[in-house]
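Descriptive analysis of the structure
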Amino acid sequence: MKKICLLLLLFIITNSFLFSDVRIGTEVETGGVLYSNPNYKRTSEPKNKYMYEKTRFYLEGDLKNNVVVGFKILSRGIFGKDFGKEYTTVKSSITFINYTPQIENAFIKFKKIKEFPIDLTVGRQPIKIGQGVLVDDDGLGFDALRLQGTIPIVDIMADTFLIKRTEMDATQYTEEKDETLYSIGGNWTYDKDYHFRIYYFIEESSAPFKKNFISLRVDGRFKKGVDYRAEIIKAGGDYSGLSYLVGLTAYSKIKRLGTASVNLEYAVGNGQNNGLGFAPTYGHKTDGFERAGYGEYFGASLSDFYGGINNSKSDGQGIHTTLLGLGFEPYKNLHLNFDYYVLFSLDFPELSDQESYLGEEFDIKASYKYTENCSINLLYGKFSPLGILKTAGMVQKVSANKIGWSISAKF
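On a predicted model such as this, the values are computed, not experimentally measured, just so you know. (Residues numbered from 1 in each chain as written. Predicted model: local features only at pLDDT ≥ 70, side-chain atom pairs only at ≥ 80, totals over all residues. Heavy atoms only, no water.)

Judged by side-chain polarity, Tyr182, Ile184, Ile198, Tyr200, Ile202, Ile214, Leu216, Ile232, Leu242, Tyr244, Val246 and Tyr266 come together as a nonpolar surface patch covering roughly 1,000 Å² of accessible area. For the nonpolar patch, the elements supplying multiple residues, two or more each, are strand S8 (180–190), strand S9 (194–204), strand S10 (211–223) and strand S12 (242–254). Note on placement: Ile184 falls in strand S8. (Patch = residues over 30% accessible without salt bridge, like charges linked within 9 Å, V, L, I, M, F, W, Y side chains within 5 Å. Areas by Shrake-Rupley, 256 points an atom, 1.4 Å probe, with all protein chains shown as cover. Salt bridge = Lys/Arg side-chain N within 4 Å of Asp/Glu carboxyl O. Helix = DSSP H or I, 4+ residues; strand = E, 2+ residues; numbered from the N terminus.)

Here the focus is the packing of aromatic side chains. One pair of aromatic rings is described through two measures. These are the centre distance and the angle between the planes. Scanning all chains against the criterion turns up 16 aromatic pairs. Judged by centre distance (4.5 Å) and plane angle (25°), the ring pair of Phe222 and Tyr228 falls under stacked. Among the aromatic residues, those joined into a cluster by ring pairs are Trp188, Tyr190, Tyr194, Phe196, Phe222 and Tyr228. One residue, Arg165, lies across the ring of Tyr282, its end atom 5.0 Å from the ring centre. (Phe/Tyr/Trp six-rings, centres within 6.5 Å; stacked < 30°, edge-to-face > 60°. Lys NZ or Arg CZ within 6 Å of the ring centre and 35° of its normal.)

Below, the discussion takes up the pairing of strand S18 (residues 400–410). With ten bridges connecting them, strand S1 (residues 21–36) and S18 associate as antiparallel partners. Looking at S18, one finds that Tyr35 is bridged to Lys402. Note that strand S17 (residues 374–385) and S18 share ten bridges and pair antiparallel. When the sheet's bridge partners are listed, Leu378 is paired in S18 with Trp405. (Pairing = 2+ DSSP bridges.)

The biggest cluster of nonpolar side chains holds 45 residues, and the ones touching the most others in it are Val135, Phe161, Ile163, Phe201, Phe298 and Leu343. Looking at this core, the elements that each hand over two or more residues are S1, strand S2 (47–63), strand S6 (142–151), strand S7 (156–164), S9, strand S11 (226–237), strand S14 (319–331) and strand S15 (334–345). Every residue in contact with Ile163, bar those within four places of it in the chain, is listed here: Ile127, Val135, Phe142, Asp143, Ala144, Glu179, Thr180, Leu181 and Tyr282. (Core = buried A, V, L, I, M, F, W, Y, C linked by side-chain atoms within 4.5 Å. Buried < 20%, exposed > 50% of the residue type's maximum accessible area, 1.4 Å probe, protein only. Contact = heavy atoms within 4.5 Å.)

Right, let's talk about the pairing of S12 for a bit. With nine bridges joining them, S11 and S12 adopt antiparallel strand pairing. Opposite Glu231, over in S12, you have Leu245 as the bridge partner. Hairpin connection, S11 to S12: the antiparallel pair is bridged by four residues, and Gly241 has positive phi, about 110°. With eleven bridges joining them, S12 and strand S13 (residues 258–268) adopt antiparallel strand pairing. Bridging across to S13, Gly247 finds its partner in Glu265. Between S12 and S13, which pair antiparallel in sequence order, lie three residues; one of them, Arg256, sits at a positive phi of approximately 75°.

Moving on, we come to the pattern of salt bridges. Opposite charge on two side chains makes pairing possible when the charged atoms of those side chains draw close. Overall, the coordinates contain 22 salt bridges when judged by the stated rule. In this structure, the salt-bridge partner of Arg221 is Asp227, at a minimum N-O distance of 2.8 Å. For Glu265, the salt bridge identified is with Arg229, shortest N-O distance 2.8 Å. Taken as a pair, Glu265 in strand S13 and Arg229 in strand S11 lie far apart in primary sequence, 36 residues in all. Taken individually, Glu265 and Arg229 each receive the classification buried, so the pair is uniform in this respect. It is possible to trace a salt-bridge network through shared partners that takes in Glu290, Glu296, Asp339, Lys365 and Lys402.

It is worth spelling out the environment of Ala144 at this point. Within the secondary structure, Ala144 is located in strand S6. On a C-alpha basis, the gap between Ala144 and Leu181 in space is 9.3 Å, while along the polypeptide they are 37 residues apart. Not counting residues within four places of it along the chain, the set of residues in contact with Ala144 comprises Thr121, Val122, Gly123, Gln125, Ile127, Leu162 and Ile163.

We now examine the environment of Arg217. Relative to the helices and strands, Arg217 resides in strand S10. What makes Arg217 buried here is its relative accessible area of 6%. It is 9.5 Å that separates the C-alpha atoms of Arg217 and Tyr244, two residues lying 27 residues apart in sequence. Every residue in contact with Arg217, bar those within four places of it in the chain, is listed here: Gly130, Gln131, His195, Phe196, Arg197, Arg229, Ala230, Glu231 and Leu245. A polar contact of 3.2 Å, which involves the side chain of Arg217, links it to the side chain of Gln131. (Polar contact = N/O pair within 3.5 Å; in protein donor to acceptor, adjacent residues only side chain to side chain.)

The next thing to look at is unusual backbone geometry. Phi angles above zero are rare outside glycine, and Lys112 is one such case at about 50°. Judged by relative accessible area, Lys112 falls into the exposed class, the value being 52%. Even without being a glycine, Asp138 presents a positive backbone phi close to 55°. For Asp138, the position within the fold is in the loop between strand S5 (118–125) and S6. Judged by relative accessible area, Asp138 falls into the buried class, the value being 11%.

Glancing now at the side chain of Thr286. Tracing the backbone shows Thr286 in the loop between S13 and S14. Of note is the side chain of Thr286, whose polar atom sits 2.9 Å from the backbone nitrogen of Gly288.

This is the structure in structure tokens:
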């Protein structure tokens with residue numbers, strides 16, 4: 001796969017004169033973070049601090065006959081510490097080699113094949129459905145085939161794709177199946193402000209249990225300044241249960257506070273005994289570098305969470321989240337966000353009331369737009385474990401913290 005991608009890049013560079021339009025860009029982000037008290041003790045030890053850098057280079061060009069070629073390469077690395085064992089083994093849910101370039105995207109897209117309203121994309125490509133609860137490449141790309149087209153009579157955008165997560169060894173026989181995701185879905189828009197999506201997903205792997213999902217999502221705008229979103233997901237095969245989320249974001253201009261926003265979201269991932277509740281393999285888990293999700297520190301999805309270096313339930317299922325967020329722009333180019341999360345587990349039905357609480361988190365984020373393409377970002381996250389995650393016998397309220405900064409630029 002890597003050889004094919006390098007040959008594709010070489011072809012693009014040496015034959016740039018064949019393109020009617022070429023788009024080239026670079027994204028660079030450097031920053032640092034400090035995690036304290038990840039074992040939820042009375043003191044703030046241990047600490048895990050490091051600096052990092054992420055770099056992306058992308059090139060996309062339009063060939064004749066509605067053919068698009070895209071290529072993106074990604075490099076990530078940590079410095080300022082001996083690669084941070086706590087980070088690499090727990091906080092991160094992805095594996096990478098320090099500063100080694102990785103192929104993020106390398107695809108060919110055929111648009112309007114034979115003048116029909118059908119697009120075919122082949123190769124390593126970005127795929128995200130809705131908020132990414134079930135499918136999100138997390139900025140790392142999926143090896144996939146994707147076919148999209150419009151059904152004119154009913155004005156529905158049909159979408160089907162196949163994702164491969166592993167490749168079988170071509171030199172020897174193996175009985176293990178490739179990890180594969182099959183999907184078929186449709187998108188329909190009514191009156192520009194109401195977007196409906198329905199998808200059916202089947203996961204195949206060497207695991208003994210079958211897994212599939214059906215998702216129905218609606219999002220859009222009620223009126224000017226009020227956005228909404230809602231999704232319900234039914235797990236099937238050997239898995240069961242309903243998971244769902246509803247959210248609302250309202251915007252308004254307030255004197256001395258600039259453009260203000262209120263963000264509310266209520267999300268429930270179904271949990272069952274034996275881990276056969278809500279467990280999508282291809283859903284959003286990282287930002288391409290470390291855990292990302294509900295809470296800057298906790299990084300929860302609807303199925304699992306970070307939960308500290310000594311947490312035995314970090315692979316649990318059924319995360320129930322309530323989010324209240326406030327945003328302000330008190331000065332030109334300065335944006336502030338305050339987010340509060342309450343999280344608890346549905347993994348075991350016998351848990352109830354206070355015993356089921358994982359914890360609560362409060363995050364503060366500030367972003368200053370230094371130039372049109374450069375921003376400076378600061379964040380502080382404070383997670384307080386409750387119930388399940390709190391150390392047995394501990395009465396005092398303890399917390400784990402994340403402090404971070406970053407500078408990002410792109411052109």
